[in-house]
Each structure stands twice: as C-alpha cells, then as structure tokens.
Amino acid sequence: KLLYFAEWAPDDPNAFGYNRTLRKGNNLSPKGRTLTTLAGLLRGTKAETYDNFTTTPELKPDMNEALSTANGFRLDDKHVVLAIDLKRQNQADIFEDPNTGDTIHLNFGTPTMTVTFRDVRNVKSLERVDLCGNRTPLQWKRIGQNQIQAEVPIIDPDETVKALNQTENEDVFYLSLQQN
C-alpha cells in the first residue's frame, strides 16, 4: 500500500497543516514519529498476512478504521508484527468487547490483553512498541508446540504517546516478535 503525506508545515499552531504533516519546522511531527516507527517495524520488506494469533479481548484482522482490530504481518521467517488498535467507545475511555460485553478502562490502572501466537519457533524476543518507537520487552510462556502467550499492557507509560492516543480516541501499539 502506498501512502502519501504532506511533508512539511511551519512549527506554528496557526499555520495551515500544523501537526498534520511529517515534519513541523525542522522536527518530526507526532504523525511523522508514528510513521517512522511503523516503517522501522515493517523494515521495507514484503509483508505477508499473519493471522495465526488470537487476542483476549477478541480482535480480528480488518482494515476498517472505525473498528478495534489486530492485524498481523509476517515479514520473513524470523519476524512477525501485530498492529493493535483499540477504539475508545465512549467518553469514559472504556473499550467494550463486542463478543462478551466485558469492558476495559483505558485511562487508569494497568489493563492488559492476552495475545497468543501460533506457528512460531524458537522465539528470541517479544516487544511492545508504542507509536513513537518506545520498546518494552515482554515475557511469554510456551503453551504448546510452536505456540506462545503473553500478557500485554495496554496503557502507554510515555505521556506524549498517551496524549496522542487520547487525541485520536484510540490506543494503538505494536507487538514485534523475533525468532532465532
């Protein structure tokens, strides 16, 4: 998929395009930082769909930006990336699982989600990567042949990322899995 973005706007809140371009003034804008993070994760390689995973709450692969989703990409035989997008469904910052009715408060506490990867071998590392590229190593457990499971924190510790997600009324982060 080819994406086009305006490259530059002045670093002035009154300027046309402010905070909607890749750079503001001489610095990356928040959108520029998020695209740099995504490009770094996908590494410019040809990605294949990876759908051999489950999440709790249950999120499905979908390109509909109005839905909460989990989309997976296998970059090669050693790298898998999941893109998690949890939509806030009301002013109380609550995510409601449409399948079970269970809710997760997205603005306090330490909510987590469970992610299970299948068809993975000799896992070397699993990291949660926020929109700005901050990485948090995750622990995982083997739950069967070529399967691992991890509890993944939802709320970002970085205040800049937290504010960006709040502005967009969603929580977006990535999981990066490397195999030996």
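Above this note sits the structure.
The structure displayed is predicted, hence computed values, not measured ones.

Trainee: An account of the nonpolar core is needed here, citing residue identities and associated values.
Mentor: Core analysis: the largest hydrophobic core is formed by 25 residues, its most contacted members being Phe-117 and Leu-175. When contributions to this core are tallied by element, the ones reaching two or more residues are strand E7 (79–87), strand E10 (112–118), strand E11 (123–129), strand E14 (147–153) and strand E15 (170–179). Looking at this core, the element that brings in the most residues is E7, giving four residues. Discounting chain neighbours no more than four positions away, the residues touching Leu-175 are Val-80, Val-81, Leu-82, Val-115, Phe-117, Leu-126, Glu-127, Arg-128, Leu-138 and Val-152. Formed by 11 residues, the second largest nonpolar core is a distinct cluster that contains Val-81, Ala-83, Leu-164 and Val-172.

Trainee: Account for the layout of surface pockets, naming residues and giving values.
Mentor: In this structure, the second largest pocket occupies an estimated 190 Å³ of space. In this structure, the second largest pocket is lined by Glu-58, Leu-59, Lys-60, Asp-62, Ala-66, Leu-67, Ser-68, Lys-87, Gln-89, Phe-95 and Pro-98. Its residues assigned to classes, the lining of the second largest pocket comprises five nonpolar, two polar and four charged.

Trainee: Could you give an account of the sheet that holds strand E1 (residues 8–9), naming the residues involved and the relevant values?
Mentor: With mixed pairing, three strands are arranged side by side in an open sheet as E1-E2-E3. Every interior strand has two partners, whereas the edge strands, E1 and strand E3 (27–28), have only one. Here E1 pairs with strand E2 (residues 23–24) via two bridges, running parallel. Note that in E2 the partner of Trp-8 across the bridge is Arg-23.

Trainee: Can you tell me about the pairing of E15, naming the residues and giving the values?
Mentor: Most of E15 sits out of view: nine of its 10 residues are buried. Pairing of E7 with E15, which is carried by nine bridges, proceeds in the antiparallel orientation. In the strand pairing of E15, Ala-83 is matched with Tyr-174. When E11 meets E15, the two strands line up antiparallel, connected through six bridges. When the sheet's bridge partners are listed, Val-123 is paired in E15 with Gln-179.

Trainee: Can you lay out the pattern of salt bridges for me, pointing to particular residues and giving the numbers?
Mentor: For the structure shown, the criterion picks out 12 salt bridges. With a closest N to O distance of 2.4 Å, Glu-170 and Lys-87 form a salt bridge. Note that Glu-170 is positioned in strand E15 and Lys-87 in strand E7, a separation of 83 residues in sequence. Across this residue pair, the class does not change: Glu-170 and Lys-87 are buried. In this structure, the salt-bridge partner of Glu-127 is Arg-135, at a minimum N-O distance of 2.5 Å. A relative accessible area of 43% means that Arg-135 is categorised as partly exposed.

About the thresholds
- Residues numbered from 1 in each chain as written.
- Predicted model: local features only at pLDDT ≥ 70, side-chain atom pairs only at ≥ 80, totals over all residues.
- Heavy atoms only, no water.
- Core = buried A, V, L, I, M, F, W, Y, C linked by side-chain atoms within 4.5 Å.
- Buried < 20%, exposed > 50% of the residue type's maximum accessible area, 1.4 Å probe, protein only.
- Helix = DSSP H or I, 4+ residues; strand = E, 2+ residues; numbered from the N terminus.
- Contact = heavy atoms within 4.5 Å.
- 1 Å grid on protein atoms, 1.4 Å probe; cavity = no way out; pocket = protein on both sides within 12 Å on 5 of 7 lines; lining within 4 Å.
- Points joined across faces, edges and corners; volume = space filled by probe spheres on them.
- Nonpolar A, V, L, I, M, F, W, Y, C, P; charged D, E, K, R; others polar.
- Pairing = 2+ DSSP bridges.
- Salt bridge = Lys/Arg side-chain N within 4 Å of Asp/Glu carboxyl O.

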